[in-house]
Number of protein chains: 2
Amino acid sequence: MNRQSSDRPHVVIVGCGFGGLAATRALADVDVDVTVVDRENHHTFQPLLYQVATAGLNPSDIAQPIRHVIRKQDNARVLLDEVFDVDLDARTVRVTDGDIGYDYLIVATGATHSYFGNDDWAEFAPGLKTIDDALDVRRRILLAFERAEATTDPDERARQMTFVVVGAGPTGVELAGAVKEIATTTLRADFRTIDTTASRVVLLEAGPRVLPAFPDSLSASAEKQLTDVGVDVRTSTAVTGIDADGVATADGPIPSATVLWGAGVAASPLGRAVAADLDRAGRVPVTAELAVGGHPEVFVIGDLAASESGGVAVPGVAPAAIQGGEHAARCIEADLSGSARPTFVYEDKGSLATIGRSKAVADLSPRLRFGGLLAWLVWCFVHVWSLIGFRSKLRTMSTWVWQYLTGRRGARLITGTTHRRHPPSGSA
Amino acid sequence: MNRQSSDRPHVVIVGCGFGGLAATRALADVDVDVTVVDRENHHTFQPLLYQVATAGLNPSDIAQPIRHVIRKQDNARVLLDEVFDVDLDARTVRVTDGDIGYDYLIVATGATHSYFGNDDWAEFAPGLKTIDDALDVRRRILLAFERAEATTDPDERARQMTFVVVGAGPTGVELAGAVKEIATTTLRADFRTIDTTASRVVLLEAGPRVLPAFPDSLSASAEKQLTDVGVDVRTSTAVTGIDADGVATADGPIPSATVLWGAGVAASPLGRAVAADLDRAGRVPVTAELAVGGHPEVFVIGDLAASESGGVAVPGVAPAAIQGGEHAARCIEADLSGSARPTFVYEDKGSLATIGRSKAVADLSPRLRFGGLLAWLVWCFVHVWSLIGFRSKLRTMSTWVWQYLTGRRGARLITGTTHRRHPPSGSA
């Protein structure tokens, strides 16, 4: 079923994040039929998810319908579905209504949160991978302030006004900075009983420094910038438990109603369907061509792949996924023209992380490392530039300028029915 | 609990739609303490909900956090909670954590959908009263096209591409027109297997004409404009059943995967807490001052009130709710200054309904009735003008101009976890 009727090779791409979308686009002029399967109808610009979670941007500013993004690419079709299994011998993937055959398969399903074996933490400490995750986090943050305003119990009020972010990678740092900014600026005038500027934001990191993937000097800069805005940064502090009351650490408990997870990621479970042996993080070891050993027709790219370039492990970042997607397309093109496949070479374009208004760090090359306003401007520019579509760029840029000038955030809506409270017992 | 500590009269306003918000604002300079209780954190501009449901606008374009809207009004506080009961003798309202005392109570909880006793229809035919409703409807409409694209069964494809709107009041007419517009314009280039322009949109109305609250000539104009854009209008057609397969009517079944409810409304159940006798639609009969008989300290305004002005029933429209809220505030002000309460006089500002791009009807006065482009321009102007906040006005206007020029709709996201499909049986 669902196999296109032409005689051209059929490329199935599973997952339309940065890697899957790059592969799709790179196949536009190749003589193949492409089927993109994703369980969401939209491509999400994940680096800005934290801004949706903190009420700064609308979901549609950073997410575009996949079929709209590739509408002009005649050789590609889109299927909103989930791939549950792969049959490497039969060369088929299983979706809801049956099997889809492929000549080439590109698996780009990325990573999900990992709670290091503590799956019971997930309920109390949501991570940030999808638009739905971001809307859930937004609901939790905004509800905490509402409940702090409504309660008369000082302990409960303090607990509602304490936000704990676990993990000080880029997402954790960005979340912590943004939550602090909401509390001190955006919400300040809107509450009568509580002083939102007194909210506590605690950033917990098990390792010795924030932004562990960045050089030491920028970790130090980021930590100082976080402290300057009032975030309580606690490095070398392992989390030992998370429940409805808050977080337990080796240094004692932190009562908190809102815990956000920025710590572990684990590769998508689909890796198991294409490789018997995964690495410790659940990723699929791939060849120098990014293919699965023994199955040159199956590529794994992006966060799901354990790949190397020049003997160095390729990091799980958006540019690596994009380059991986383009590489897989080049390999397919080489096969069709009878030439040799190229070897994957990862080009490191540097790293950026932002802490908040005028605050960020940039690691563009060993000789170009800096923090502060300039890093923030670079961050803003790169992120607006990378968004898909002129209108998303324009809306996001205008939103940021407005937010910078007024301190307001335009998407402070609590949606989703789970916030409804229940009638008191004894009520009619 | 939660009672403010000053000696000023305490006004509790339940519900912050058009009526509750107008009452709150009108009390800004009156020597009272105001507590606004709403179960949502935002005021929603309901007339444009159908645009969120049809992917044209973002939720935050038409909804604003209540506490942000009234942040400068020092005598008002906001409580995100639900009122479950009212004790008229004790003068308290019951919320989740206890009771709140009042000196004046303004009940403005509006109306909800009514399925005329067929509550089992609700699951298959969602109505449109809240942002969450609109996101649910958006998900259903967009998913129907995805499923039509994915299926190979022609009957199922036809069923997925048939949209039925029940009820031809303004919401039903606007929804039908917008769904047709999405199918013929917005989605046209994005699908490979289906021809979205072949989608059927059926508008069912039990009465003899569309827009029954408008004069005959405009009903005829609206029906012609609907037919011109390709909507299948069926008046005098009663719905006898709605289930997962579609709609049953006296003229036979209509297989449809997406049924939208624009027909009945019923007053909020809170009416029962303040009055023993309700009218047939569940509304609270009120005095000429909009108060409950025997309880001059309790006002009921907006869609929940059965009120009269000059011997004529006041319609359940936004301007009536706004005028009712302002009137209740004036009555309280009169009480405090020892003067007589005014009698409520409803000022009819006319009615507007839109069918789509350049198509609408306007009933501004008996001598000023027209349809077509001019009516549509008036409709656009009035609705942008009425939105709260400069930024919402700007965003909405720019979105409409962009949509008019390109035919695109920027908020085509399927969110909410309910759209996830399940693994096929027999899958690993």
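Up top is the structure.
A brief report on the enclosed structure follows.

Calculation criteria
By convention here, each chain's residues receive numbers from 1 onward along its written sequence. In the order they appear in the text, chains get letters beginning with A and ligands get numbers beginning with 1. Side-chain atom pairs in this predicted model are given and counted only at pLDDT of 80 or more, local residue features only at pLDDT of at least 70, and totals for whole chains, interfaces and linings cover all residues. Side-chain metrics in this entry use all non-hydrogen atoms of the structure; hydrogen atoms and water are not considered. The helix count covers DSSP runs of H or I at least four residues long, the strand count covers runs of E at least two residues long, and both are numbered beginning at the N terminus. Any helix carries an expected span of 1.5 Å times its number of residues minus one. For every residue, the accessible area (1.4 Å probe, protein chains only) is compared with the maximum for its type, and the residue is labelled buried under 20%, exposed over 50%, or partly exposed between those bounds. Arc definition: directions from the helix axis to the C-beta atoms. Least-squares fitting of one copy onto the other uses the C-alpha atoms of those residues that reach a pLDDT of at least 70 in both copies. Contact criterion: two residues are considered in contact whenever any of their non-hydrogen atoms come within 4.5 Å of each other. Buried surface area refers to the total accessible area, computed with a probe of radius 1.4 Å, that the two partners give up upon joining, counted for both partners together. What makes a salt bridge here is a side-chain nitrogen of Lys or Arg within 4 Å of a carboxyl oxygen of Asp or Glu, nothing more. By the criterion applied in these results, polar contacts are pairs of N or O atoms within 3.5 Å in which, for protein atoms, one can donate a hydrogen and the other can accept it, and in which residues neighboring in sequence qualify only through two side-chain atoms.

So, about helix α11 (residues 373-386) of chain A. All names here are of chain A. In this model α11 runs 20 Å from its N-terminal to its C-terminal C-alpha over 14 residues, within 8% of the 20 Å that 1.5 Å per residue would give. Among the residues of α11, Ala375, Trp376, Trp379, Cys380, His383 and Val384 are the ones counted as buried. The buried residues of α11 occupy one face: seen down the axis, they fall within an arc of 160°. Along α11, the residues that are exposed and aim more than 90 degrees away from the buried face are Leu374, Phe381 and Trp385.

Here we take up the relation of the copies chain B and chain A. Overlaying chain B on chain A yields an RMSD of 0.0 Å, the required transformation being a rotation through 180° with an accompanying axial translation of 0.0 Å. Here the transformation between the copies is reduced to the relation of a two-fold axis. Of every C-alpha in chain B, the one belonging to Asn58 of chain B sits nearest the axis of rotation, 3.6 Å from it. Interface residue correspondence from chain B to chain A reaches 100%, placing this contact among same-surface, isologous pairings.

Glancing now at the interface of chain B and chain A. With 67 residues of chain B in contact, the opposing surface of chain A contributes 67 residues. Carbon and sulfur atoms make up 47% of the area that chain B and chain A hide from each other, which totals about 5,700 Å². Our count for the chain B to chain A interface comes out at five salt bridges. For Arg67 of chain B, the salt bridge is made with Glu149 of chain A, and the minimal N-O distance between the two is 4.0 Å. Linking chain B with chain A are 22 residue pairs in polar contact (both at pLDDT 80 or more). The set of elements that each furnish at least two residues to the side of chain B that touches chain A consists of α3 (59-62), β4 (63-65), α4 (66-69), β5 (76-80), β7 (92-95), α5 (131-150) and α12 (390-406) of chain B. It is α5 of chain B that provides the largest number of residues to the side of chain B that touches chain A, a total of seven residues.

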